[in-house]
Structure formats: structure tokens, C-alpha cells
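# Report on the structure
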Amino acid sequence: MFDLDKWQEILGTVRRHKLRTGLTAFGVYWGIFMLVVLLAAGQGFRNGVEKEFDVAKNAVFIWSQRTSVPYAGLKVGRFIPFTNDDVAALGREVPEAAVILPRSSLDGTFTVQRGTKSSSFSVNGEYPGYPAVKAVHLTGGRFINDPDIGERRKVAVIGDRVAEVLFGSENPLGQQIRIKGIYFLVVGLFKAEGKPEDAQEEAQTIIVPLTALQNTFNQVNRVGYFALIPKTGIPAAVVETKAKQVLARQHKVAPTDDRAFGSANVEEEYARVQGLFTGISGFSWLVSIGTILAGIIGVSNIMLIVVKERTKEIGIRKALGATPWSIVSLIVQESIVITAVAGLFGLLIGTALIASINSAIAGENISFFANPQVDLSVAATAVTLLVAAGAVAGLVPALKAAQVQPVVALKAE
């Protein structure tokens, strides 16, 4: 590799056959370029879709619907109201759940006042475990805690839009707001994140302790729906099934009634999405490797032509004492140089294209696409395999060249 004469010969061969070498190298270049672009695009779509999953990826949500099967003397079409007793029952009978989160909200939006300022906002009742289901980006103060729940404290955590409308440039922490005429103390401030439409809605949301919401706004013993997160190693489907069974027993719902409760299993949805992107990644590798192999075959064919053109030269070398290894190493090195240089150009240009796309969409809220990138280990592996393939591509022509007999070669025209 460090023989200067070999490098001069390789460069001389490339100069004499620029078009042929360029067309051969283009196949390798295009394969690596396509691999980088396709993998980066696939990762961009994966990042964008994962950004849409703004809740815990193993969360389960269960809500009430109407019964479709008569049971225990009760009619079809009953609406099942969840209660605080259901919270206790789930805690006792679903030990596989790490988080059991009862949730509720005031129907619609309500006028919230602070001094002379007022506007309509959503009001949600939550438990301290809420951040485990959906991340809360606090910019000031604290979130709801256990004493707030136990003592039914009238405290509130407000979104950034609520703070902007009601407080302007003032610090809202420690000040009071009125929800339907009831005073609540602002103890926390959060910044909404996620999809634009969801972030806009969250920014106009006020979070209060669920117990305070029940006690203050005539929703005593009322729970809207449940969010659950399984313990580590427990499939979300297990928690989903057991929770529905417990709720069915609590409310005398037929075991065969699959319409009484609605549910959403985020873990299953996420697994399906991951399977889709694994398929996309595999397809990207398949297309790119096929293109690279075509380029490598082209390199091998070109090296065969080179060997044929230089038969007399090789014969003279062997007549002067050149070893078979020196002939093999010359041909293999030339093959490696062509493939490696072409591959590196493909890698660099592909990376530059992805970087420019990334820069162009930075700060934009584009759904289903974000931060396209290629793992450095994948790029390094691709280049390593490319160099190895270049060596293999040159090996057959090199071995053929090493078998040339000086006498035969010197007779060749």
C-alpha cells in the first residue's frame, strides 16, 4: 500500500482511461449515495412518527362506552360511569401496572378570570403520575403532588398560553385565578410541546388535582377514563386485559361484552410502526447493496480488461523477477482504490445532501419527518464492506494475472 511506484502506476492507468474508470466508479458511488440517502430518509420518517407518539410508548388508555350484551338482569345500552372505587379496585387487582392514572376534565371550555382579564380554557383533573404518561415541560414552579390530591387543594398548573393571556409579562406563580368563580392558586407553569395542534391545545389547558376538580365542580366520585403503564417486563396487553376484566366485574358487565369499554394500546401501535420502518430500512439496504454489487461487478470486469491489456507488461515483469504476490497486490490495490474513492465520494455527497435538508427543515414543524440522519457506525460499516468488496472484485483478475507465463505473455499481441 505504501509503494510509491504502485501508486504512480494506478494513477497513470486512471488517467489513460478516464471515461471507463469514471463510469465504473459511478456505479459504486451511486450505490453508497443511495444507501446514505435512503437510510437517512427512513430515519427521518421514523423520527417524525416517533415524535407523534407524545405519550409513553407502553401506555394503555381505557374509557367507558355502552354495553352491547344484557347481563345480570341489566339492559343493553348502559353507559358505564367510572368512579373512585374503580381506582382502588385496579390498584388491588392489577399488580402488573406500575402507574394507574384516573383522569377527568370539565366538559368544554370555561371562562377563567384573573383580575379584569378573562378567557376560555380547558380544565383537566390529573394525578401526580401524569408526567409518566405524558412528559410535562415545567418552566416554573412544580406539578401536582400527593398532598394536593389527599387534601383536595385548589392549586393549578397552567399552560404558557394561559399565563400569557391572564398574566402577560408578570410571574403567575403564587397568584390566583378563578375557574367558574372558584379561586385556584397557581403553583406551576408548563410549556406545551409536540404536534402543533396538540401543543396549541395544551398551551390553553389548566391542570388541577382530580380530587379538587371532583369536589369543587360537582363531579363527586366521577372519573373520566384511565391511563395505565405496565411494570418493566410486563406487556401492555396483559395490563389492558386485566384492567378491563376488573372494570367489568366492578360494573356488572358481561365477560363477552367487548364493546362496553374502549381502549388504546400504544405499545402495540408503536410496535407496528417499528415493524414498518424495519421493513423500509431492509428495503433501503436491499436496493443499495444491489446497486453496489452491480458497481463491484463492473469494477471486476474492468480489472479483467486491464489485465488483458497489460498481459505483455505483466509477462515482462515476471521475466524480470516479479513475484506473483507483487502482481496480485498491484491489481487488487487498483481495484480497492477505485471502489474506496467512489464510495467515499458517495458517502460525503450523500451526507452533505442530508445535512442541507436537515438545515432547511430545522425549526419547521413538519409532521412525520424530522432530523434525517445516518448512524456513523452504519456509514463506517458500509465503507469497510465496500473496501472488502473492492479487494474481492480485484482478486479474480489479479489471480489470473499472476498465472500469466512470461513466454506466453511476450508472444501476445
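For the structure given in this document, a descriptive report is provided here. (Residues numbered from 1 in each chain as written. Predicted model: local features only at pLDDT ≥ 70, side-chain atom pairs only at ≥ 80, totals over all residues. Heavy atoms only, no water.)

### Structural notes on the nonpolar core
Keep this limit in mind: Note on terminology: a nonpolar core comprises buried Ala, Val, Leu, Ile, Met, Phe, Trp, Tyr and Cys residues joined through side-chain atoms within 4.5 Å. Whether a residue is buried, partly exposed or exposed follows from its accessible area with a 1.4 Å probe, protein chains only, as a fraction of its type maximum: under 20%, in between, or over 50%, in that order. Strands are runs of DSSP state E lasting at least two residues, helices are runs of H or I lasting at least four, and both sets are numbered from the N terminus onward. Pairs of residues are marked as contacts when any of their non-hydrogen atoms sit within 4.5 Å.
Core analysis: the largest hydrophobic core is formed by 24 residues, its most contacted members being Phe61, Val157 and Ile207. Looking at this core element by element, the count peaks at four residues for helix α10 (residues 266-309). What Ile207 contacts, discounting residues up to four positions off in sequence, is Asn124, Glu126, Tyr130, Phe143, Ile144, Val155, Ala156, Val157 and Phe190.

### What about unusual backbone geometry?
For Arg152, which is not glycine, the phi torsion reads 55 degrees and is therefore positive. Examined against the element boundaries, Arg152 turns out to sit in the loop between α5 (146-150) and β6 (155-159).

### A word on the packing of aromatic side chains
Just so we agree on the cut-off: Only Phe, Tyr and Trp rings are paired, with Trp represented by its six-membered ring, and only when their centres lie within 6.5 Å; those with planes under 30 degrees apart are stacked, over 60 edge-to-face, the remainder tilted.
In this structure the tally under the stated criterion is four aromatic pairs. Pairing Phe82 with Phe261 gives two aromatic rings, centres 5.9 Å apart and planes at 15 degrees, and the pair type is stacked. On the criterion of sequence distance, the pair formed by Phe82 in the loop between β1 (60-64) and α3 (84-93) and Phe261 in strand β11 (residues 261-265) is long-range, its members being 179 residues apart. Like Phe261, Phe82 is buried. Pairing Tyr130 with Phe143 gives two aromatic rings, centres 5.9 Å apart and planes at 15 degrees, and the pair type is stacked. Of this pair, Tyr130 sits in helix α4 (residues 130-133) while Phe143 is found in the loop between β5 (137-141) and α5, placing the two residues 13 residues apart along the sequence.

### Focus on helix α6 (residues 160-167)
Quick note on the threshold: Here the arc refers to the directions that run from the helix axis out to each C-beta atom.
For α6, the complete set of buried residues consists of Val162, Ala163, Leu166 and Phe167. The buried residues of α6 occupy an angular sector of 100 degrees when projected down its axis, which confines them to one face. Positive phi appears at Gly168, one or two residues downstream of α6, with a value of about 60 degrees.

### Focus: the environment of Val60
Locating Val60 in the fold gives a position in strand β1. Distance from Val60 to Glu268, taken between C-alpha atoms, is 9.6 Å for residues 208 residues apart in sequence. Once residues lying within four places of it in the same chain are set aside, the contact partners of Val60 are Phe226, Ala227, Leu228, Ala236, Glu240, Ala264 and Asn265.

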